[in-house]
Amino acid sequence: MDKNLTKYRVVASGGVNVRSADTLNAPSLEVYEFDREFEGFNPEGLSWIRVTLPDGVEGYILNEPYLVEEVKSQPKTDKNKSK
């Protein structure tokens, strides 16, 4: 898989299914629980986010705002700065 990965977080209270293909009829390989963060590949903002499971199998998660959200990186601030 390409190294241009984006970090996402599951926002659906019941979790999301990682499917074996990019269709809702495909069997579920795994369920990612609510608030889990994961990295996925979706460079063009398509309907499905491609992920790689720990065993190397590729799976697909439906890219809908009520299921997952992109995790924006927080800018690092220096808390030790003098005022």
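Being a predicted model, the structure only gives us computed values, none of them experimental. (Residues numbered from 1 in each chain as written. Predicted model: local features only at pLDDT ≥ 70, side-chain atom pairs only at ≥ 80, totals over all residues. Heavy atoms only, no water.)

Participant: What's the story with the pattern of salt bridges in this structure? I'm lost.
Facilitator: Pairing between side chains of opposite charge can happen when the charged atoms of each approach one another. What the rule picks out here adds up to six salt bridges. Across the salt bridge formed by Glu 37 and Lys 7, the nearest N and O atoms sit 3.8 Å from each other. With Glu 37 in strand β4 (residues 37-40) and Lys 7 in strand β1 (residues 6-10), this residue pair connects regions lying 30 residues apart in the sequence. Between Arg 9 and Glu 37 there is a salt bridge; the shortest N-O distance is 2.9 Å. Residue Arg 9 is found in strand β1, and its partner Glu 37 is found in strand β4; the two are separated by 28 residues along the sequence. Residue Glu 37 is classed as partly exposed on the basis of its relative accessible area of 37%. When salt bridges with common partners are traced through the structure, they connect Lys 7, Arg 9, Asp 35, Glu 37 and Glu 69 into a single cluster. (Salt bridge = Lys/Arg side-chain N within 4 Å of Asp/Glu carboxyl O. Helix = DSSP H or I, 4+ residues; strand = E, 2+ residues; numbered from the N terminus. Buried < 20%, exposed > 50% of the residue type's maximum accessible area, 1.4 Å probe, protein only.)

Participant: What is the right way to look at the nonpolar core in this model?
Facilitator: What tends to happen in soluble globular proteins is that the nonpolar side chains get buried as a cluster. In terms of nonpolar packing, the biggest core is built from 16 residues, with Val 16, Tyr 32, Phe 38, Val 51, Ile 61 and Val 68 touching the most fellow members. When residues of this core are traced back to their parent elements, those giving at least two are β1, β2 (16-19), β5 (48-52) and β6 (58-62). Once residues within four sequence positions are removed from consideration, Phe 38 is found in contact with Thr 6, Lys 7, Tyr 8, Val 10, Tyr 32, Ile 49, Val 51, Ile 61 and Val 68. (Core = buried A, V, L, I, M, F, W, Y, C linked by side-chain atoms within 4.5 Å. Contact = heavy atoms within 4.5 Å.)

Participant: What should I look at first to understand the packing of aromatic side chains in this one?
Facilitator: Throughout the structure, instances matching the rule amount to two aromatic pairs. Residues Tyr 8 and Phe 38 carry aromatic rings whose centres are separated by 5.6 Å and whose planes lie at 25° to one another, so their mutual orientation is stacked. In this pair, Tyr 8 is assigned in strand β1 and Phe 38 in strand β4, connecting sequence segments 30 residues apart. Residues Tyr 8 and Phe 38 agree in their burial class; the two are buried. Following the ring pairs from residue to residue traces out a cluster consisting of Tyr 8, Tyr 32 and Phe 38. Cation over ring: Arg 36 sits above Tyr 32, and NZ or CZ is 3.7 Å from the ring centre. (Phe/Tyr/Trp six-rings, centres within 6.5 Å; stacked < 30°, edge-to-face > 60°. Lys NZ or Arg CZ within 6 Å of the ring centre and 35° of its normal.)

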